[in-house]
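# Breakdown of the fold
Here is what each chain is made of, one letter per residue.
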Amino acid sequence: MCGIIGYLGKEEAIPILIDGLKTLEYRGYDSAGFAVVGKSNFVIEKSVGKVALLEEKAAKFKKNGFNTGIAHTRWATHGKVTELNTHPHSDCSNNIHIVHNGIIENYKELKEKLIKDNHKFVSETDTEVVAHLIEKAMKDGGIQLEDAVRLALKEIRGTYGLIAVDTRNPDKLIAARNFSPLILGIGKNEFIIASDAAPILKFTKDVVYIQDGEIIEITSGGYRISTIDNDTINRTPQYLDWDTSTAQKDTFSHFMIKEISEEPDAVRNSLRGRLSVEDGEAVLGGLKGAEKNIGRIKRLHIAACGTAYLAGKVGEYMLEEYAGVPVKVDFASEVRYRKPIFNENDIFLAISQSGETADTLASLYEAKEKNILTLGIVNVVGSTISRETDAGIYQHVGPEISVASTKTFVSQVAIMALLTIYIGRKKDMSMVMGRRISSELLKIPELMEKVLSQAQIIKKFAKVYSSYDNFFYIGRKYNYPIALEGALKIKEVAYVHAEGYASGELKHGPIALIDKGFPSIVIAPQDSVYEKTLSGIEEIKARGGKVFAIATEGDGEIAKLADSVFYIPKTLEMLTPLLSIIPLHLFAYYVAVARGCDVDKPRNLAKSVTVE
Ligand code: AGP
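## Comments concerning the overall build of the protein
In terms of regular secondary structure, the protein is built from 20 helices and 27 strands. Over its C-alpha trace the protein gives a radius of gyration of 26 Å, about what one expects of a compact globule, namely 25 Å for 612 residues. Counting only C-alpha atoms, the protein reaches 80 × 55 × 45 Å along its principal axes. Burial status across the protein gives 61% buried among its 612 residues. For the protein, the proportion of contacts with a sequence separation of at least 24, taken over those separated by at least 6, is 71%. Approximately 23600 Å² of the protein is accessible, and the part contributed by carbon and sulfur atoms is 50%. Computing the positive centroid from 75 side-chain charges and the negative centroid from 79, the protein places the two 1 Å apart.

## Digging into the sheet that holds strand β24 (residues 497–502)
Read from one edge of the open sheet, 5 strands run β24-β23-β25-β26-β27, paired in parallel fashion. Of all the strands in the sheet, just β24 and β27 (564–568) have a single pairing partner and so form its edges. With direction set aside, neighbouring strand axes in the sheet form an average angle of 20°. As judged from the 6 bridges shared by strand β23 (residues 470–475) and β24, these two strands associate in the parallel manner. Across the sheet, Asn 470 pairs through a bridge with His 497, a residue of β24. Together, β23, β24 and β25 (520–524) form the strand contacts of helix α17 (residues 480–494), whose direction differs from that of β24 by roughly 175°. In this fold helix α18 (residues 530–542) packs onto β25 and β26 (547–552), with an angle of close to 165° to the strand it touches most, β25.

## Quick look at the environment of Val 599
Considering the arrangement of structural elements, one finds Val 599 in the segment after α20 (577–594). In sequence terms Val 599 and Asn 293 are 306 residues apart; their C-alpha atoms lie 43 Å from each other. In contact with Val 599, not counting residues within four places along its chain, are His 254, Met 256, Ser 402, Val 493, Tyr 589, Ala 592 and Val 593.

## As for the pattern of salt bridges
Applying the stated criterion across every chain yields a total of 35 salt bridges. In this structure, Asp 147 and Arg 150 form a salt bridge, with 3.4 Å as the shortest nitrogen-oxygen distance. Of this pair, Asp 147 and Arg 150 both sit in helix α5 (residues 145–155), 3 residues apart, which is roughly one turn of the helix. On the basis of relative accessible area, Asp 147 is assigned to the partly exposed category, the value being 28%. By sharing partners, the salt bridges in this structure join Asp 147, Arg 150, Glu 217 and Arg 224 into a single network.

## Concerning the pairing of strand β21 (residues 373–378)
Taking burial as the measure, the 6 residues of β21 include 6 buried ones, the bulk of the element. Here β21 shows no split at all, with Leu 373, Leu 375 and Ile 377 on one side and Thr 374, Gly 376 and Val 378 on the other all buried. Direction of pairing for strand β20 (residues 346–352) relative to β21: parallel, over a ladder of 6 bridges. Residue Leu 349 lies in a different strand from β21, and its bridge partner there is Leu 375. Running through helix α12 (residues 358–369), the crossover from β20 to the neighbouring parallel element β21 is right-handed.

## Let's talk about the nonpolar core
By size, the foremost hydrophobic cluster in this structure holds 99 residues, and its most contacted members are Leu 441, Phe 471, Tyr 473, Ile 490 and Phe 587. Excluding residues that lie within four positions of it along the chain, Phe 587 makes contacts with Ile 458, Phe 461, Ala 462, Tyr 465, Phe 471, Tyr 473, Ile 490, Ile 521 and Phe 548. Residues Ile 14, Ile 16, Val 43 and Val 51 belong to the second largest nonpolar core, which totals 29 residues.

## Some words on the packing of aromatic side chains
Using the criterion set out here, one finds 17 aromatic pairs in the structure. Between Tyr 465 and Phe 587 the ring centres are 6.1 Å apart and the planes differ by 70°, which places this aromatic pair in the edge-to-face class. One end of the pair, Tyr 465, is in helix α16 (residues 455–465); the other, Phe 587, is in helix α20, with 122 residues separating them in the sequence. A network of ring pairs unites the aromatic residues Phe 461, Tyr 465, Tyr 468, Phe 471, Tyr 473, Phe 548 and Phe 587 as a single cluster. Its end group placed over the ring of Tyr 422, Lys 426 keeps NZ or CZ at 4.3 Å from the ring centre.

## Let's talk about the site of the ligand
Near the ligand lie 13 residues; those nearest to it are Ser 352, Ser 354, Thr 357, Lys 489 and Glu 492. Thr 307 places a main-chain nitrogen or oxygen 3.1 Å from an oxygen atom of the ligand. In this structure, an oxygen atom belonging to the ligand sits 2.8 Å away from a main-chain N or O atom of Ser 405. Coverage of the ligand by the protein amounts to 93% of the 410 Å² it exposes when considered alone. Of all the secondary structure elements, the ones that give two or more residues to the shell around the ligand are α10 (306–323) and α17. The dominant element in the shell around the ligand, judged by the number of residues it contributes, is α10, at 3 residues.

## Considerations on unusual backbone geometry
Cis geometry marks the peptide bond from His 87 to Pro 88; its omega dihedral reads 5°. On the secondary structure map, Pro 88 appears in the loop between β4 (68–74) and β5 (89–90). Even without glycine at this site, Asn 189 takes up a positive phi of about 55°. Note on placement: Asn 189 falls in the loop between β9 (183–186) and β10 (191–194). On the basis of relative accessibility, which here comes to 57%, the residue Asn 189 falls in the exposed class. Positive phi is not limited to glycine here, since His 396 has a value of about 55°.

## Quick look at the sheet that holds strand β11 (residues 206–209)
Spatial strand order, β3-β2-β4-β1-β10-β9-β11-β15: 8 strands in an open sheet with antiparallel pairing. Each edge of the sheet is formed by a strand with only one pairing partner; in this case those strands are β3 (42–48) and β15 (238–239). As defined by bridge partners, strand β1 (residues 3–8) adjoins β4 across 6 bridges and the pair is classed as antiparallel. Each residue of the ladder has a partner; that of Leu 8, found in β4, is Thr 68. Set on the sheet, helix α1 (residues 13–23) makes contact with β1, β2 (31–37), β4 and β10; between it and β2 the angle comes to about 155°. Packed onto the sheet, helix α2 (residues 51–58) meets β2, β3 and β4 and runs at close to 145° relative to β3.

## Brief notes about the packing of helix α8 (residues 263–271) against helix α15 (residues 431–452)
Packing of α8 against α15 brings their axes to within 8 Å, and their N-to-C directions diverge by 170°. If you check the angle between α8 and α15, you find them roughly antiparallel. Listed contacts from α15 to Glu 263, Pro 264, Val 267, Arg 268 and Leu 271 of α8 are Leu 441, Ile 444, Pro 445, Glu 446, Met 448, Glu 449 and Leu 452.

Rules used throughout
- Residues numbered from 1 in each chain as written.
- Predicted model: local features only at pLDDT ≥ 70, side-chain atom pairs only at ≥ 80, totals over all residues.
- Heavy atoms only, no water.
- Helix = DSSP H or I, 4+ residues; strand = E, 2+ residues; numbered from the N terminus.
- Rg over C-alpha atoms; globule rule 2.2 N^0.38 Å.
- Buried < 20%, exposed > 50% of the residue type's maximum accessible area, 1.4 Å probe, protein only.
- Contact = heavy atoms within 4.5 Å.
- Areas by Shrake-Rupley, 256 points an atom, 1.4 Å probe, with all protein chains shown as cover.
- Lys, Arg positive; Asp, Glu negative; His and termini not counted.
- Charge placed at Lys NZ, Arg CZ, Asp CG, Glu CD.
- Pairing = 2+ DSSP bridges.
- Axes fitted to C-alpha atoms, helices over the stretch in contact; angles between N-to-C directions.
- Salt bridge = Lys/Arg side-chain N within 4 Å of Asp/Glu carboxyl O.
- Right-handed = clockwise from strand over helix to strand, strands pointing away.
- Core = buried A, V, L, I, M, F, W, Y, C linked by side-chain atoms within 4.5 Å.
- Phe/Tyr/Trp six-rings, centres within 6.5 Å; stacked < 30°, edge-to-face > 60°.
- Lys NZ or Arg CZ within 6 Å of the ring centre and 35° of its normal.
- Near = heavy atom within 4 Å.
- Polar contact = N/O pair within 3.5 Å; in protein donor to acceptor, adjacent residues only side chain to side chain.
- Parallel < 35°, antiparallel > 145°, perpendicular 65-115°, else oblique.

Take a look at the structure:
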């Protein structure tokens, strides 16, 4: 996620903006910039890399009377990581400058219209379109900045938290919000507005939260909140008694629980603009140019590590069942030491949230040497794997701070479902089936929120089970990789021994371990293998093992067998992993907290394993 800040007051804006950007660094970014405006001139500075580099460039502007300004840390979504793509973005006249957090979904069509209207663009970003729309509205209508922003916002579709400044009027900032957070800090004759509370708290704890669909005009005389249709909104400021680190985690105790709570939005952001339910198609712009090869696919080789590997395992079931494509999923660290067989029309897919995992990168190079098409599913824009693959799909879920992958996992699974539709519809998948999967997929974030609303139930289970030192995680078919992911998560963050197993395998040896001190978590939704899973639970119970089951809402049977049950909503079998994983992520988190572990930075682990 990008970070945005605006300042208007009596102090020099540059040091305030730089300091504020530093408090937003935790959000992850790849470049930063600012625009400051004084009575007679303005300055824009940008830098790729750390805020410290921008600070060095700013050092020459000590006392210059720039008392108004905007600044931005960029987490690239559209366009490479370059200075030209760094915010602020400007109009043709270089008077209007804006910083933006969010995604403008219809920017391509707007950009084409503006270019036809002789607007000149310098960046590849979606954001720059907004600056030109504002310029056009001011020029065509001879209107003020705030009214031009209103008109511009009525033309765009997408999400934004944005701040605009006009060099011809240094005593004004206009900001607007739609889905991307925006908070106003109210100081003594000074105002600071930002994408979260961290940069504000150094100034003031009196804040006003801007809501979706609202615009705020800020001048040295005060501020006014209104709707896009210019109806005034009166909102009482509130006192935010937080310190900076709390602000970064919002009200959450750890980044991991914050990121679990973001899982529905992670799926929304990964799906945004990529499903055409009417046609039953997935729209994956990042695969442009590769679609012919993909249409001829004979086999998909997936290589990844850890949680990313398990997202690939879920995708294996999806693609084989619904796209009729044979899939081979490997630990990337194994691919490079085996002699993988890549045939003509085979395709290689690397899944990596960081895009820097050494083993995954090495396996990618193996595939490139064999000249097969290489694709990536990556979160970090501009990362090595995203640059080295022939085509790819960005996850768009913003930075994941906690070492444990949670929101990036559900994003990867959702993208595997998109890929299943995308490939399936080039094979034998009917439009009806494409429509069915797409419409169910769009309902998933809401169902995930319903699961999250029951988090306290999991917290209670965690208290009961947190003293155990061994767990089985059992699943079958689509939920076998989920069993593996649940086991990995609790190992990682709670240092508890846990084995993920295919439920049909228990009787071939592992069941010898079962006793009352070795509980099993069984993922048992009412799916095509439900009866088989029930008999697996009976096998465990017959040997005195405790069972904590994840079951489908309304299932009256399972409670007669399991010791504890957590219910998830019904959905398509191929999409249950997006729901069944949530209680397991929560369980790992609450057990880790109960055991006093360093949840966000578990011992021995790194967020991105860039060594082999
Ligand atoms: C998962 O919780 C771990 N953080 C780890 O297994 C991770 O998934 C793995 O290292 C792969 O990382 P990547 O997605 O950045 O390639």
